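# Observations on the model geometry
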Amino acid sequence: AAIEKGGYDHFMLKEINEQPETIFDCLRGRLIATTGQIIMSGIDNNIDILVNAQRIVIVACGTSWHAGLVAEYFFEELCRIPVEVEYASEFRYRNPIISKGDVIIAISQSGETADTLVALENAKEQGAFIFGVVNAVGSSIARLSHAGAYTHSGPEIGVASTKAFTGQLAVLMMMGLKIAYAKGTIDHNRYVELMKSLESVPEKVKEILANVDTIKAIAEKYKDAKDFLFLGRGYNFPVALEGALKLKEVSYIHAEGYPAAEMKHGPIALVDENLPVVFAATKDRYYEKIVSNVQEIKARKGKVIAVASMGDEVIPNMANDTMFVSDIDEVIAPILSVVPLQLLSYFIGIAKGFDVDKPRNLAKSVTVE
Ligand code: G6P
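Structural notes, computed from the coordinates. Per chain, residues are indexed from 1 in the order of the written sequence. Only residues with pLDDT of at least 70 are given local features in this predicted model, and only at 80 or more are side-chain atom pairs given and counted; all residues enter the totals for whole chains, interfaces and linings.

## Comments concerning the nonpolar core
We apply this condition: Each nonpolar core comprises buried Ala, Val, Leu, Ile, Met, Phe, Trp, Tyr and Cys residues, the members being joined through C-beta atoms within 7 Å. Once C-beta atoms are placed from the backbone, each residue is buried if 20 or more other C-beta atoms lie within 10 Å of its own, exposed if 12 or fewer, and partly exposed for counts between those two. Numbered from the N terminus, helices here are DSSP runs of H or I no shorter than four residues, and strands are runs of E no shorter than two. Here, residue contact means that the backbone-derived C-beta atoms of the two residues sit within 7 Å.
Counting 126 residues, the largest nonpolar core has I58, V59, I104, A106, A170 and F279 as its most contacted members. The element contributing the most residues to this core is helix 9 (residues 163-183), with 13 residues. Beyond its immediate stretch of four places on either side in the chain, A106 contacts V59, A60, T116, L120, I130, G132, V133, I141 and S145.

## What about the site of the ligand?
Spelled out, the test is: Nearness is defined per residue: the C-beta atom, placed using the backbone, must lie within 6 Å of the molecule or strand. Note on residue categories: nonpolar means Ala, Val, Leu, Ile, Met, Phe, Trp, Tyr, Cys or Pro, charged means Asp, Glu, Lys or Arg, and polar means any other residue, Gly included.
Taken together, 16 residues form the shell around the ligand, and within it G62, T63, S108, S110 and T113 come nearest. When residues of the shell around the ligand are assigned to their parent elements, the largest contribution, three residues, is made by helix 5 (residues 62-79). Class assignment for the residues of the shell around the ligand results in five nonpolar, ten polar and one charged.

## Comments concerning the packing of helix 11 (residues 201-210) against helix 16 (residues 334-351)
Under the convention used in this document: Inter-axis angles, ranging from 0 to 180 degrees, are taken between N-to-C directions of lines fitted to C-alpha atoms, where helices are fitted over the stretch in contact. For classification purposes, an angle smaller than 35 degrees is called roughly parallel, one larger than 145 roughly antiparallel, one from 65 to 115 roughly perpendicular, and anything else oblique. Two helices that cross are described as forming a left-handed crossing if the nearer one is turned anticlockwise from the farther one by less than a right angle, and a right-handed crossing if clockwise.
Direction vectors running N to C along helix 11 and helix 16 enclose 20 degrees, while the axes themselves pass 10 Å from each other. Looking at the two axes, helix 11 sits roughly parallel to helix 16. Between helix 11 and helix 16 the crossing geometry is right-handed. Packed against helix 11, whose contacting residues are V201, K204, V205 and I208, the element helix 16 presents I335, L336, V339 and P340 at the interface.

## Points about the sheet that holds strand 8 (residues 227-232)
Note on sheets: strands pair through backbone hydrogen bonds, and any given pair is parallel or antiparallel. So the rule is basically this: Here, strands pair whenever DSSP counts at least two bridges between them.
Across the sheet, five strands lie side by side as 9-8-10-11-12; this open sheet has parallel pairing. Across the chains shown, the open sheet's two edge strands, defined by having one partner strand only, are strand 9 (254-259) and strand 12 (321-325). Neighbour-to-neighbour, the strand axes of this sheet turn through a mean angle of 20 degrees, independent of strand direction. Relative to strand 12, strand 11 (residues 303-309) is paired through five bridges, and the arrangement is parallel. Among the inter-strand pairings, I305 is bridged to a residue of strand 12, identified as D321. Across the sheet, helix 12 (residues 212-222) touches strand 10 (276-281), strand 11 and strand 12, and the angle it forms with strand 12 is around 150 degrees. Helix-sheet contacts for helix 13 (residues 237-251) involve strand 8, strand 9 and strand 10, and the interaxial angle to strand 9 is about 175 degrees.

Following this line, the structure appears as structure tokens:
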């Protein structure tokens, strides 16, 4: 087992550290920024269906559902196609309206999640086109899909998903870029700019991983908190949800993820000097707004832990603790800003002495409902 873990103490840490390579593998041979090409046969062969989709419905569970939420933001922005993101377990039972022009994107690491699989079977019977974003090659969901793109993240053993999530984001981002460009909803310059940003991700993940000691120290400092709040806006909102989920999964600390502005409608009542509030607060169009949200937490004596852009001096000055990520286009930012949160959860779980690879009550793949 020690050999399988490649020198790491846990699969979770190994898989977090593999992300520069797994994201690179996912992009390799597909994204060629120098020639402005993205080659993905599952998309190329069905480009008319995708470009003409009247609606995209994303169906998934758990962390994969969070990848779907990120996709909602950029598909709507870049492709101008309405998107809905559905929990598979809800979608399958509520007699959803599915029409012929609907494209369903199924996101699943394992390709075996029972609720997702059945939701897709139902949608397929009703005439929807199913596109699978799957990690496990040849899995049930991969076979059921009309077309798809593998994430190429390699086997994920840790129950808490890490590298599969960033692989899903990379695939979905390439997919969104391809559709947007074919549809004419983004111009050539923006298309190439975003391709270059995406191409830079593996190197920028490496930089985060090189600063692991800072994150470990933050984990030690906050490991005894009873609750955590995770906040973000826009592209970083799903990152807040994923950060909270990771922490719950591996540290058994109660954590809630919320859109930063929506916190005024409830969670702010919980803020006091004992509550750590984690902000995914990289530089983007919401930056000024998130700065005021940080102030609101500080005014109530909450402890602020920020994920901030390198070079930012405002948020790090206000926050009690900061984890830096490289500045990157806001559309691509989630793939970076989630990485410090994965590490934070890992180190808190370890500090509390838990088996982060096999958290109690959780399964890697939920194949029964
Ligand atoms: C379980 C796993 C999660 C995963 C979810 C969906 O809850 O513990 O890590 O995100 O299932 O799994 P899938 O394989 O469909 O992505």
